[in-house]
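Fold and geometry: a report
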Amino acid sequence: MGKVAVGATVVCAAAVCAATVYIVRRRVKRTGKWGRVIEILKVFEEDCATPIGKLRQVADAMTVEMHAGLASEGGSKLKMLISYVDNLPSGEEHGFFYALDLGGTNFRVMRVLLGGKQDRVVKQEFEEVSIPPPLMTGCSDDLFNFIAEALAKFVATEGEDFRLPAGRQRELGFTFSFPVKQTSLCSGTLINWTKGFSIEDAVGQDVVGELIKAMERVGVDMNVTALVNDTVGTLAGGRYYNPDVVAAVILGTGTNAAYVERAHSIPKWQGLLPKSGEMVINMEWGNFRSSHLPLTEYDHLLDFESLNPGEQILEKIISGMYLGEILRRVLLKMAEEAAFFGDSIPPKLRVPFIIRTPTMSAMHSDTSPDLKVVGSKLKDILEVPTTSLKMRKVVISLCNIIATRGARLSAAGIYGILKKVGRDTPKDGETQKSVIAMDGGLFEHYTQFSECMESSLKELLGDEASESVEVIHSNDGSGVGAALLAASHSQYLEDL
């Protein structure tokens, strides 16, 4: 019995020892993997760094590209498109005007009653219409007939407030948020479709001409006064309420900027200089790229796998379409190389764009002691049942790194515009304010992003210059802004 007991004791001791060694090894392995998580996090943070010196380099590069894009067509990655808008709303506009906003699977028709500086926008009415999917891939006539018919029905509901003086034609501002080669204020040829549209016979056609023909077919007598994109519309809406607005920036799913340029500073402008001496330039700044942009391995791979590699580089690191996707890619690397979510990689984590930027914003805003929102989002979206507090803290850190880089680069872009128009430094004896009109869900709803952008802009400007620069939210440029541009370029301007 003694030998058996001793043998059993030895076996038990050996088992305990083996179990202890296994546990220690697992802990060492786990510690090693966690170390790899922290290493990935630190490298990512370093690669995304935007010290003030780098931001100034980005701003300077933006200004150089602006000059090049204004000098000649194709002279820069920045298209610097001439909008033909040379007369922004002043607030004096009277009367009622229509707007049509086509930029996705829905479109809006709107009418706005303007009452001059005293009453501004007296009344506005709109209707949103969904486009049937077959019309998005059919023929041009079918799509524009559908739009014109919806417009005709909307016109038929005009109330007593919306009455035209005898002999006057209705006027409309047309927001068309697809790539267009603008040929005048009220004409432009479609370059290509995006956002799920593919109507071949419309490409190369004047979209205003297509709309006018459709309106004639359904009996709508309306003059298309202005063809604009949403960024130019935002600038118009901002200027209507504030005469100091000099630029507009959209920070939403995508990103763009427009600003007021001195007409004599546009070498590629071939026509007579406008009476106002000014011209609104649509920068298409999402396509900006520079060696000074802090790009990471995740950005390079995202760009390579995108539908437009090598294009829209700035947009891919600052806009709402991509911020959540960058987060997913870093988390995937942590899962693959450091077992961040355990021994198996959550299948959902491999799905591109499954983490949307609103989700990232919600996690970034989580201030609960146990970061409950972060845990809940990871569970709902990635189907990760449990996460530790330290894992959630890593996710918060990643959100902060990605949003901070995007916000600070946005600020650098705005600073570049202010430098181009000479509004970056205070002038002796001048009290002129420079106001930037902002719109887009990213700016409006992602608080950490917008606050960081504004503080970074102040940092770039310095205390004295920042006193004369203001950032404001200008809502619905694609709707009201288009109607305002129809008003400021009305064929009856002298009578208004």
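A brief report on the enclosed structure follows. The structure displayed is predicted, hence computed values, not measured ones. Every chain is numbered on its own, with residues counted from 1 as its sequence reads. In keeping with the predicted nature of the model, local features appear solely for residues at pLDDT of at least 70, side-chain atom pairs appear and are counted solely at 80 or more, and the whole-chain, interface and lining totals rest on all residues. Processing note: side-chain calculations cover all non-hydrogen atoms of the structure and skip hydrogens and water entirely.

**Observations regarding the sheet that holds strand β10 (residues 255-262)**
Here a strand pair is declared whenever DSSP counts at least two bridges between the two strands. In this description a helix means any DSSP run of H or I spanning at least four residues, a strand means any run of E spanning at least two, and both kinds are numbered starting from the N terminus. Across the sheet, six strands lie side by side as β1-β11-β10-β9-β12-β13; this open sheet has mixed pairing. With one partner strand each, in any of the chains shown, β1 (81-82) and β13 (469-473) form the two edges of the open sheet. Contacts from helix α14 (residues 447-466) reach β9 (245-251), β12 (434-439) and β13, with the element oriented near 160 degrees to β13. Contact between two residues is taken to exist if any of their heavy atoms lie within 4.5 Å; hydrogens are not considered. Fitted lines through C-alpha atoms give the axes, limited to the stretch in contact for helices. The angle between two N-to-C directions lies from 0 to 180 degrees.

**Description of the side chain of Asp 366**
For Asp 366, the position within the fold is in the loop between α10 (357-364) and α11 (372-382). Salt bridges are absent for the buried Asp 366, whose nearest opposite-charge side chain, Arg 392, sits at 6.6 Å. From its side chain, Asp 366 meets the backbone nitrogen of Lys 372 in a polar contact 3.2 Å long. What Asp 366 contacts, discounting residues up to four positions off in sequence, is Leu 371, Lys 372, Val 373, Val 374 and Ile 396. Burial classification: accessible surface area is computed with a 1.4 Å probe over protein chains only, and a residue below 20% of its type maximum counts as buried, one above 50% as exposed, and the rest as partly exposed. We score Asp and Glu as negative and Lys and Arg as positive, and we do not count His or the chain ends. Each reported salt bridge corresponds to a side-chain nitrogen of Lys or Arg within 4 Å of a carboxyl oxygen of Asp or Glu. The definition of a polar contact used here is a pair of N or O atoms within 3.5 Å, where within protein one atom must be able to donate a hydrogen and the other to accept one, and adjacent residues in sequence count solely through side-chain atom pairs.

**Description of the side chain of Asn 282**
Turning to its location among the elements, Asn 282 is positioned in strand β11 (residues 278-282). The class of Asn 282 is buried, set by a relative accessible area of 7%. Of the polar contacts made by the side chain of Asn 282, one reaches the side chain of Asn 229; its length is 3.5 Å. The residues contacting Asn 282, other than those within four sequence positions of it, are Met 80, Leu 81, Asn 229, Val 232, Asn 256, Ala 257 and Ala 258.

**Notes on helix α6 (residues 230-241)**
Here α6 is twelve residues long and its end C-alpha atoms lie 17 Å apart, about the 16 Å a rise of 1.5 Å per residue gives. When you tally the buried positions in α6, you get ten out of twelve residues, the bulk of the element. For α6, the set of buried residues is Thr 231, Val 232, Gly 233, Thr 234, Leu 235, Ala 236, Gly 237, Gly 238, Arg 239 and Tyr 240. A helix is expected to span 1.5 Å multiplied by its residue count minus one.

**Notes on the sheet that holds strand β3 (residues 106-115)**
The strand order across the open sheet formed by five strands is β4-β3-β2-β5-β8, and the pairing between neighbours is mixed. Each edge of the sheet is formed by a strand with only one pairing partner; in this case those strands are β4 (121-130) and β8 (222-228). Ignoring which end each strand starts from, the neighbouring axes of this sheet average 20 degrees apart. Relative to β4, β3 runs antiparallel, the two sharing nine bridges. Across the sheet, Met 110 pairs through a bridge with Phe 126, a residue of β4. Taken strand by strand, helix α4 (residues 140-155) contacts β2 (94-102), β3, β4, β5 (170-176) and β8, and its axis lies near 35 degrees from that of β3.

**Considering the nonpolar core**
In this structure, Tyr 259, Met 283, Trp 285, Leu 331 and Met 334 are the most contacted members of the largest nonpolar core, which totals 89 residues. Once residues within four sequence positions are removed from consideration, Trp 285 is found in contact with Met 62, Leu 78, Val 249, Thr 255, Asn 256, Ala 257, Leu 314, Ser 410, Gly 413, Ile 414 and Ile 417. Membership of the second largest hydrophobic core comes to 39 residues, among which are Phe 144, Phe 154, Trp 193 and Val 224. Throughout, nonpolar core names a set of buried Ala, Val, Leu, Ile, Met, Phe, Trp, Tyr and Cys residues whose side chains join them through atoms within 4.5 Å.

**A closer look at the pattern of salt bridges**
Throughout the structure, instances matching the rule amount to 27 salt bridges. A salt bridge links Lys 419 to Asp 60; the shortest N-O distance between them is 2.5 Å. One end of the pair, Lys 419, is in helix α12 (residues 389-420); the other, Asp 60, is in helix α2 (residues 52-71), with 359 residues separating them in the sequence. Judged by its relative accessible area of 29%, Lys 419 is partly exposed. On the basis of relative accessible area, Asp 60 is assigned to the partly exposed category, the value being 35%.

**With respect to the packing of α10 against α11**
Packing of α10 against α11 leaves a shortest axis separation of 8 Å and a crossing angle of 150 degrees. The orientation of α10 relative to α11 falls into the category roughly antiparallel. Pair α10 / α11 crosses with left-handed handedness. Of the residues in α11, those in contact with Thr 359, Ala 362 and Met 363 of α10 are Val 373, Val 374, Lys 377, Leu 378 and Ile 381. Polarity classes work like this: nonpolar for Ala, Val, Leu, Ile, Met, Phe, Trp, Tyr, Cys and Pro, charged for Asp, Glu, Lys and Arg, and polar for all others, with Gly in that last group. Considered class by class, the residues forming the contact of α10 with α11 number six nonpolar, one polar and one charged. When describing relative orientation, an angle under 35 degrees is termed roughly parallel and one over 145 degrees roughly antiparallel, while 65 to 115 degrees is termed roughly perpendicular and anything else oblique. Crossing chirality is assigned from the near helix's rotation relative to the far helix, an anticlockwise turn below a right angle marking it left-handed and a clockwise turn marking it right-handed.

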